[in-house]
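A look at the structure
Each chain is listed here by its residues.
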Amino acid sequence: MSRDIKGWSREEMARKVAEDIPGGSYVNLGIGMPELVANHIPEGREVIFHTENGLLGVGPSPVTGAEDDELINAGKKPVTAIKGASYFHHADSFAMVRGGHIDICVLGAFQVSEKGDLANWSTGTPGAIPAVGGAMDLVEGVKTIFVMTNHTTRGGESKIVPECTYPLTGKGVVSRIYTNMAVIDITENGLMVRETAPGADREYLESITDAPLTFPSK
Amino acid sequence: MIDKIANSASEAISAVFDGATVMISGFGEAGSPVELIHALIDHGARDLTVVSNNTGNGHVGLAALIENRQVKKMICSFPRTADSVVFPELYCRGEIELELVPQGTLAERIRAGGAGIPAFYTPTSVNTPLAEGKELREFGGRSYILEYGLKADFALVKCRAADRYGNLLYNKTARNFGPVMCMAAECAIVQAEEIVGAGSIDPEAVVTPGIFVSRVVHIADPASENRLLKEGRRYP
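Below you will find a few notes about this structure. (Residues numbered from 1 in each chain as written. Chains lettered and ligands numbered in written order. Predicted model: local features only at pLDDT ≥ 70, side-chain atom pairs only at ≥ 80, totals over all residues. Heavy atoms only, no water.)

Remarks on the overall build of chain B
- The helix and strand inventory of chain B stands at seven helices and twelve strands.
- For chain B, the spread of C-alpha atoms along the three principal axes comes to 55 × 45 × 30 Å.
- Burial statistics for chain B: of 236 residues in total, 57% are counted as buried.
- Across chain B, contacts joining residues at least 24 apart in sequence account for 75% of those joining residues at least 6 apart. (Helix = DSSP H or I, 4+ residues; strand = E, 2+ residues; numbered from the N terminus. Buried < 20%, exposed > 50% of the residue type's maximum accessible area, 1.4 Å probe, protein only. Contact = heavy atoms within 4.5 Å.)

Re the packing of aromatic side chains
- If you walk through the whole model with that rule in mind, you get six aromatic pairs over all chains.
- Judged by centre distance (6.1 Å) and plane angle (85°), the ring pair of F110 of chain A and Y166 of chain A falls under edge-to-face. Of this pair, F110 of chain A sits in the loop between β5 (104-107) and β6 (111-113) while Y166 of chain A sits in the loop between β9 (160-161) and β10 (174-178), and the two are 56 residues apart along the sequence.
- Taking the relative accessible area as the measure of exposure, Y166 of chain A reaches 28% and is therefore partly exposed.
- Taking the centre distance of 5.2 Å and the plane angle of 65° together, the rings of F146 of chain A and Y178 of chain A count as edge-to-face. Placement of the pair is F146 of chain A in strand β8 (residues 144-148) and Y178 of chain A in strand β10, with a sequence separation of 32 residues.
- Between the NZ or CZ atom of K76 of chain A and the centre of the ring of F27 of chain B, over which it lies, the distance is 4.4 Å.
- The side chain of R164 of chain B reaches across the aromatic face of Y165 of chain B, ending 4.5 Å from its centre. (Phe/Tyr/Trp six-rings, centres within 6.5 Å; stacked < 30°, edge-to-face > 60°. Lys NZ or Arg CZ within 6 Å of the ring centre and 35° of its normal.)

Focus on the side chain of N167 of chain B
Residues and elements named next belong to chain B.
- Among the secondary structure elements, N167 is positioned in the loop between β9 (152-162) and β10 (168-169).
- In terms of polar contacts, N167 uses its side chain to reach the side chain of D163, at 2.9 Å.
- Of the polar contacts made by the side chain of N167, one reaches the backbone nitrogen of G210; its length is 2.8 Å.
- When neighbours within four sequence positions are excluded, N167 is seen to be in contact with A161, A162, I201, V206, T208, P209 and G210. (Polar contact = N/O pair within 3.5 Å; in protein donor to acceptor, adjacent residues only side chain to side chain.)

Digging into the sheet that holds β5 of chain A
All names here are of chain A.
- What the ten strands build is an open sheet, ordered β4-β3-β2-β1-β5-β8-β10-β11-β12-β13; its pairing is mixed. Of all the strands in the sheet, the pair left with one neighbour each is β4 (80-87) and β13 (213-214).
- With four bridges connecting them, β5 and β8 associate as parallel partners. Its bridge partner being in β8, L107 is matched across the sheet by V147.
- Running at roughly 165° to β8, helix α1 (residues 10-19) makes contact with β5, β8, β10, β11 (182-187) and β12 (190-196) of the sheet. (Pairing = 2+ DSSP bridges. Axes fitted to C-alpha atoms, helices over the stretch in contact; angles between N-to-C directions.)

Focus on the environment of G113 of chain B
Residue and element names in this part refer to chain B.
- Relative to the assigned elements, G113 resides in helix α5 (residues 103-115).
- Considered as a pair, G113 and G31 are 82 residues apart in the sequence and their alpha carbons are 21 Å apart.
- Among residues more than four places away in sequence, those in contact with G113 are G149, L150, K151 and A184.

A short note on the interface of chain A and chain B
- At the junction of the two partners, chain A supplies 36 residues and chain B supplies 48 residues.
- Per-residue buried area on chain A facing chain B is highest for E70, H90 and I129 of chain A; these three make up 22% of the total on that side.
- Put simply, K172 of chain B and D68 of chain A hold a salt bridge, and the shortest N to O gap is 2.9 Å.
- Our enumeration of links across chain A and chain B arrives at 19 residue pairs in polar contact (both at pLDDT 80 or more).
- Elements supplying a minimum of two residues to the side of chain A that touches chain B: α2 (90-98) and α3 (135-141) of chain A.
- By residue number, the principal contributor to the side of chain A that touches chain B is α2 of chain A, which donates four residues. (Buried area = accessible area lost by both parts, 1.4 Å probe. Salt bridge = Lys/Arg side-chain N within 4 Å of Asp/Glu carboxyl O.)

Concerning the environment of G104 of chain B
- With respect to the helices and strands, the residue G104 of chain B is situated in helix α5.
- Judged by relative accessible area, which is 0%, G104 of chain B ranks as buried.
- Apart from residues no more than four positions distant in its own chain, G104 of chain B is found in contact with F94, R98 and D137 of chain A.

Some words on the pairing of β11 of chain A
Residue and element names in this part refer to chain A.
- Counting buried positions along β11 gives five out of six residues, so the element sits mostly inside the fold.
- Sheet topology places β10 next to β11; three bridges connect them, and they run antiparallel. Within β11, the position partnered with R176 by the bridge is D185.
- Taken together, β10 and the strand that follows it, β11, pair antiparallel across an intervening segment of three residues.
- Sheet topology note: the β11/β12 ladder contains six bridges and is antiparallel. Opposite I184, over in β12, you have V193 as the bridge partner.
- Count of turn residues in the β11/β12 antiparallel hairpin: two residues.

Written out as structure tokens, the structure is:
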């Protein structure tokens, strides 16, 4: 099975996610790979980025030398604020999240189940220091949750599973998964493949995915 | 005349007692009241329960307070960050307690504590290990868990500008937990980069009204935790 298929690059994955974000959306991007999505919003489409540490209207990264220690994103990296941005305290920020005011959130994952359960905060390793941040608030509060992740772990294990074995972040919360190999919708009838990366055919995808996949009939 | 301005950071934090619960503002380094924390290290109050989003970086600020063994318990959402070395070591040795709270629940627990709300229901963490042992209730067909408001004896908060009434303005994303922590603490102690005359903050623009603030100290040029970190500094 171990054909050498590279799939999409991180930037290509980010572009796929960005293309699926409608103009006018309020969007929260998780730490890591999801942060790339901001660079790929199509020209002429206006999307407002929220960061849970208190800024609506996150702009591009500052140029070197213009970083401000007090203007950062949830990943604690320096950012800028767009014209028309607003600052607010943490309880208001999570009122936006929990209150259903944020349209889309893009998060990373350790595991996603075929029912849309997400595990992305702890691998449950004994002795590891648990850290949850805002992930549990985001998955319960934001209307649509996209997951952006490599299809498999570095060890080659499927991140898409029948049931998560890691501690859950939320149950039945994920709508769509963007991996380096495919874009997959989570539906009432299970995992529906929308698009596949070059070279990643049905046989290959099934060989690297632990949960059953449904393909569109052509 | 009401005047909440203290002469120094050490005077401002002098009332902190052993066993107190202390909220400390900041998200990572943004909004961390480094000078107030260092004054608390000099002061030496012990057995503190500290409520803060993270556990500090390197060997300065909150990390230094923990390293000085003044903290018995941390209540926070994200105790391990790239530069956090002190807390992980003590935690792995079983020498400090941790109550892990989702970030939005932490913010709301603090807000509720300050607003006289003893407890509330939230959907956050339902069906996860963090909901274990918590009361579950359905509203409109959806499950929620009961979370309790959080209050503190003291809050240590950093802001950009303050007047003698304790009206506060913050700076960008350094605002984060500051306003709700001022509300939830019996005694909110604030370090301000600038002290302005009463009346010079537009009442429409005041972020924290002075009623929530007990003491203000002027720290004109606050240390950048990032810079202290890069220089490998330690406190004391």
